[in-house]
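Working through the structure, step by step
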Amino acid sequence: MPYGVGQLSFMFGEEPKDKTQETQATSPCPSIQTEDAGSKPTRKKKWNSLIDKVYALPNLQRAWERVRENGGAPGKDGITIEVFAQHASQWLPALSEDLRAKTYRPQPVRRVYIPKPGKRGQKRALGIPCVRDRIVQQAIQQILSPIYEPLFSARSHGFRPEKGCVTALLVVDQALRHGYTWVVDADIASFFDTVDHERLLRALNQEVADGSLLLLIRRILEAGVFLSQTQTIEPTEEGTPQGGPLSPLLANIYLHAFDVQMSEAGYGVVRYADDFVVFTKSRESAEAALTLARTILEGEWGLRLHPEKTRVVSVTEGFTFLGFHYFHEAATGLRYKEVGAKSVSGFREQIRRLTPRLRTQRRVRPSHITRERLSRNKRLTGMIKGLNAYLRGWHWYFKPVVSRYDPAFGSFDGFVRRRVRLAITGRVGNGWWNWVIPNALLRGLGLVPLVEWQRKYQLGQLPSPARKG
């Protein structure tokens, strides 16, 4: 069954003599070129004198603009984006001088806990650097990224220009279409918390010889974590500051050797940050790929593959990658690409947050529920506006589904409507509220169903969420 993806050339290790062959031949990021046969190997010079480019005021100003655009909560010092903006004209030159004089010291990141997608009640730790420290991290990223981007493998899709989940998923689609029926479905356990600082700095030193910049990155890595509950600082002897602008680039640098070694061995890897899959055409090859991946990641880089979440699986059994669940139905020969279980759970959790039932809410009479009254209810109209914004963005990501069900998003729409009826009446299950508030009434109040977005997508009429209208 076709996926309707673009024409990407899919290569998985079929030319092992050339280590520059990548998963996507049309990658916008050039690979390191191999030397011509018979030429003497040459060692490219390392990059020196980069710290002055980091603290250059124009670079810091660009970094500040990016940090302000991204927004976010304040760090340990409590200074918000808005407060920093009021003093940017004085604080940015002072920050530049601190970096030049080597008196700058990053503050510990403030630890917060955010819900884990698809895991109700579970949370993961996130470190929020101070605005000032986010600017420095962004400034470093702006200098290092142009150095490393030409070196990175096209198999790496996470947090890179012109790449992302969409390009990674396109390659997965192509792998399945080209008969790669066995998959190493892998999970690196607590990657961002277990990155070894010394190994990371050695990896950086392969290209960067500026000791001042390497020392600055070390200080960022070792800045510690501020625990607001106990007002104490927890040292960070390993891991990268997840939540800061520099962390994604450092992750790609750390895992670059894995990309190269798997590619040289002839295996087809698709990696997005610390999440990756390996495609092969036989179980034996997949087992060998997993053994090599474990040797590289655990033996050479001090990481750990999650024992329960890492497996060799056939496409018939199914696997999940970047929110999509792929599987092949042996009886019909059809391939499907559906919303993964964790993504379904995350969807439901977010819809619940957007459609709260008020504790003080009184049960209403059926005769009081009219379109005229509901359209004047500011709480309801605001709720529907928030739902539409979320649903549109969520659909934009999951629109390429190939589902067993028709319509593909019908069950999701049903859940949304039940939650809206609950928010209006305080009632759940089957009852009078289902026929008093029919689907047509909710659509008349402005609630746009996912199946409508999908219909527009299939007809080529779906505008990007970034555009108005």
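The structure presented is a predicted model; accordingly, all values stated were derived computationally and were not measured. (Residues numbered from 1 in each chain as written. Predicted model: local features only at pLDDT ≥ 70, side-chain atom pairs only at ≥ 80, totals over all residues. Heavy atoms only, no water.)

**Description of the sheet that holds strand β10 (residues 324–329)**
- Read from one edge of the open sheet, 3 strands run β9-β10-β11, paired in antiparallel fashion. Edge positions in the sheet fall to β9 (319–321) and β11 (334–339), since each has one partner strand and no second. Averaged over all neighbouring strand pairs, the angle between strand axes comes to 25°, with direction disregarded.
- With 6 bridges connecting them, β10 and β11 associate as antiparallel partners. When the bridges of β11 are listed, Glu329 appears paired with Leu334. (Pairing = 2+ DSSP bridges. Helix = DSSP H or I, 4+ residues; strand = E, 2+ residues; numbered from the N terminus. Axes fitted to C-alpha atoms, helices over the stretch in contact; angles between N-to-C directions.)

**Some words on the pattern of salt bridges**
- Taken as a whole and assessed by the stated rule, the structure comprises 17 salt bridges.
- Arg311 serves as the salt-bridge partner of Asp185, at 3.7 Å between the closest nitrogen and oxygen. Pair noted here: Asp185 is in strand β3 (residues 182–187) and Arg311 is in strand β8 (residues 311–314), with a separation of 126 residues, a long-range link.
- What emerges from the salt-bridge pattern is a single network uniting Glu198, Arg218 and Glu222. (Salt bridge = Lys/Arg side-chain N within 4 Å of Asp/Glu carboxyl O.)

**Structural notes on the packing of aromatic side chains**
- Applying the stated criterion to the full structure yields 21 aromatic pairs.
- Ring centres of Phe258 and Phe276 lie 4.9 Å apart, and the angle between their planes is 55°; this geometry places the pair in the tilted category. Here Phe258 is found in helix α9 (residues 247–264), whereas its partner Phe276 is found in strand β7 (residues 275–280), with 18 residues between them in sequence.
- Here Phe258 falls in the buried class, since its relative accessible area comes to 1%. (Phe/Tyr/Trp six-rings, centres within 6.5 Å; stacked < 30°, edge-to-face > 60°. Buried < 20%, exposed > 50% of the residue type's maximum accessible area, 1.4 Å probe, protein only.)

**Topic: empty space enclosed by the protein**
- Scanning all chains against the criterion turns up 1 cavity of 30 Å³ or more.
- Of the voids in this model, the largest cavity is the one considered here, and its volume is about 50 Å³. (1 Å grid on protein atoms, 1.4 Å probe; cavity = no way out; pocket = protein on both sides within 12 Å on 5 of 7 lines; lining within 4 Å. Points joined across faces, edges and corners; volume = space filled by probe spheres on them.)

**Quick look at the nonpolar core**
- Grouped together as the largest cluster of nonpolar side chains are 67 residues, with contacts concentrated most on Ile135, Ile140, Leu144, Leu204 and Leu213.
- Among the elements that line this core, the one with the most residues is helix α4 (residues 131–148), at 9 residues.
- Dropping the residues within four chain positions of it, Ile140 is found in contact with Val54, Leu213, Leu216, Ile217, Ile220 and Leu246.
- Formed by 54 residues, the second largest nonpolar core is a distinct cluster that contains Cys165, Tyr180, Ala273 and Ile369. (Core = buried A, V, L, I, M, F, W, Y, C linked by side-chain atoms within 4.5 Å. Contact = heavy atoms within 4.5 Å.)

**Observations regarding the pairing of β7**
- Counting buried positions over the 6 residues of β7 gives 5, a clear majority of the element.
- Inspection of the sheet shows β3 paired to β7 by 6 bridges, in the antiparallel sense. Looking at β7, one finds that Trp182 is bridged to Thr280.
- Relative to β7, strand β6 (residues 268–272) is paired through 5 bridges, and the arrangement is antiparallel. The residue of β7 that forms the bridge with Tyr272 is Asp275.
- The antiparallel hairpin formed by β6 and β7 contains 2 residues in its connecting segment, where Ala273 sits at a positive phi of about 55°.

**Some words on the sheet that holds strand β4 (residues 225–227)**
- If you walk across this open sheet you meet the 4 strands as β2-β1-β4-β5, and the pairing is mixed. Edge positions in the sheet fall to β2 (123–128) and β5 (232–234), since each has one partner strand and no second. Looking at each pair of strands side by side, their axes are set apart by 45° on average, direction ignored.
- Summarising the sheet, strand β1 (residues 109–115) and β4 pair through 2 bridges and their orientation is parallel. Directly across from Val109, in β4, lies its bridge partner Val225.

**Description of unusual backbone geometry**
- Cis geometry is found at the peptide bond from Asp406 to Pro407, where omega equals 0°.
- Inspection of the secondary structure assignment puts Pro407 in the loop between α13 (378–398) and α14 (410–425).
- Despite not being glycine, Gln231 shows a phi value in the positive range, around 55°.
- Inspection of the secondary structure assignment puts Gln231 in the loop between β4 and β5.
- Residue Gln231 is classed as exposed on the basis of its relative accessible area, which comes to 56%.

**A look at the packing of helix α11 (residues 341–354) against α14**
- It is the contact of α11 with α14, at a shortest axis distance of 10 Å, that shows an interaxial angle of 20°. As the angle between them shows, α11 and α14 are arranged roughly parallel. As for how α11 packs across α14, the hand of that crossing is right-handed. Along the contact surface, α11 presents Val344, Phe347, Arg348, Ile351 and Arg352, while α14 presents Phe412, Phe415, Val416 and Arg419.
- Of the residues belonging to the contact of α11 with α14, the class tally is 6 nonpolar, no polar and 3 charged. (Parallel < 35°, antiparallel > 145°, perpendicular 65-115°, else oblique. Left-handed = near helix turned anticlockwise from the far one by under 90°. Nonpolar A, V, L, I, M, F, W, Y, C, P; charged D, E, K, R; others polar.)

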